[in-house]
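An overview of the molecular structure
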Amino acid sequence: MSKITSSTLLKFKQEGKKFTALTAYDASFAGAFDSEGIDVLLVGDSLGMVLQGHDDTLPVTVEDIAYHTRCVRRGIKRSLLIADMPFMSYATPEQAMTNATALMQAGANMVKLEGGHWLLETVTKLTERGIPVCAHLGLTPQSVHVFGGFKVQGRDADNAQRIIDEAKAIEAAGAQLLVLECIPAALAKSITEALTIPVIGIGAGADTDGQILVMHDVLGISSGYIPRFSKNYLAQTGEIRSAIRAYIEEVDTGVFPAAEHTFS
Ligand code: KIV
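Looking up the protein chain in an unreviewed UniProt entry gives the name 3-methyl-2-oxobutanoate hydroxymethyltransferase, with the organism given as Shewanella insulae. The UniProt entry for the protein chain carries this comment under Catalytic activity (unreviewed entry): "(6R)-5,10-methylene-5,6,7,8-tetrahydrofolate + 3-methyl-2-oxobutanoate + H2O = 2-dehydropantoate + (6S)-5,6,7,8-tetrahydrofolate". The UniProt entry for the protein chain carries the following text under Sequence similarities (unreviewed entry): "Belongs to the PanB family."

Dropping the structure here:
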């Protein structure tokens, strides 16, 4: 069993093999996800909502992410581990350097940052100094108050073009992976085809190279609500490991995401 690296994901993209990603926050769940074959685990700042009970991700701190990254690292053997950089922890390249270093030293293989053009210098500085970057465009939850809610992005031509331009620029700046969240499927498809680096979608249709979901949605434990783009696999399988295998199988065969999980 060889470890998943950014080169593995690049090879998957080149071969047209879909891959799966899932959030994880502790060693036990992470170990189960890893051993069932999830390729990428993300210590997401979604933990502010699903673990801490906040309405958004803004209260999450670098130390919160570092703590959960250390926990997940102890549980896994194969998956690539990405740590989210929390709100305002990368507002300047210097802040980004300090805080990304802490997350890499906690056990991450890569850090994830939300944003486009304003992040280019930071992405280059991090990658040049040995910190791999996953970028995140579309519905970037740390900007929820700028967007006026958790809304699908890129539906009008100007915004769609801006997201395309930012995706290309961020790849050129050195990012090795890109998450696209809640954008029309056709837009995600054209970005995925335009980029060399692998693209992971959430609410971005079936044509991205990989899919990512929040574990609480997959296991049906998000309190009373499951986002339209997600799927409760525990409900259809009745057992956690079977649910994870069903998610992997459905991404691999193109069954998930279906039309009902997709935006236009
Ligand atoms: O924080 C998170 O869990 C994320 C995923 C939804 C992509 O950023």
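Counted according to the given criterion, the structure contains seven aromatic pairs. Judged by centre distance (5.9 Å) and plane angle (40°), the ring pair of Phe29 and Phe33 falls under tilted. Taken together, the residues Phe29 and Phe33, both in helix α2 (residues 27-36) and four residues apart, mark about one turn of the helix. Take Phe33: its relative accessible area is 0%, and that puts it in the buried class.

Now for the UniProt feature "binding site: 3-methyl-2-oxobutanoate" (unreviewed entry) in the protein chain. Per the UniProt record, "binding site: 3-methyl-2-oxobutanoate" (unreviewed entry) is annotated on Asp45, Ser46, Asp84 and Lys112. In sequence the annotated residues extend across 68 residues, while in space they remain close, none of their C-alpha pairs exceeding 12.4 Å. Here Asp45 is to be found in the loop between β2 (40-43) and α3 (47-50). Once residues lying within four places of it in the same chain are set aside, the contact partners of Asp45 are Thr57, Val60, Ile65, Asp84, Met85, Pro86, Glu114 and Gln142. Relative to the helices and strands, Ser46 is located in the loop between β2 and α3. Among the residues examined, Ser46 registers a relative accessible area of 15% and is labelled buried. With residues near it in sequence (within four places) discarded, Ser46 still touches Thr23, Tyr25, Thr57 and Val214.

Moving on, we come to the state of the cysteines. Among covalent bonds in proteins, the disulfide is the one between the sulfur atoms of two cysteines. Evaluated as defined, the whole model comprises zero disulfides. With no disulfide of its own, Cys134 has Cys182 as its nearest cysteine by sulfur position, at a separation of 15 Å. Residue Cys134 is classed as buried on the basis of its relative accessible area of 0%.

What counts as what
- Residues numbered from 1 in each chain as written.
- Predicted model: local features only at pLDDT ≥ 70, side-chain atom pairs only at ≥ 80, totals over all residues.
- Heavy atoms only, no water.
- UniProt positions renumbered as here; feature names shortened; annotations may be inferred.
- Phe/Tyr/Trp six-rings, centres within 6.5 Å; stacked < 30°, edge-to-face > 60°.
- Helix = DSSP H or I, 4+ residues; strand = E, 2+ residues; numbered from the N terminus.
- Buried < 20%, exposed > 50% of the residue type's maximum accessible area, 1.4 Å probe, protein only.
- Contact = heavy atoms within 4.5 Å.
- Disulfide = S-S within 2.5 Å.

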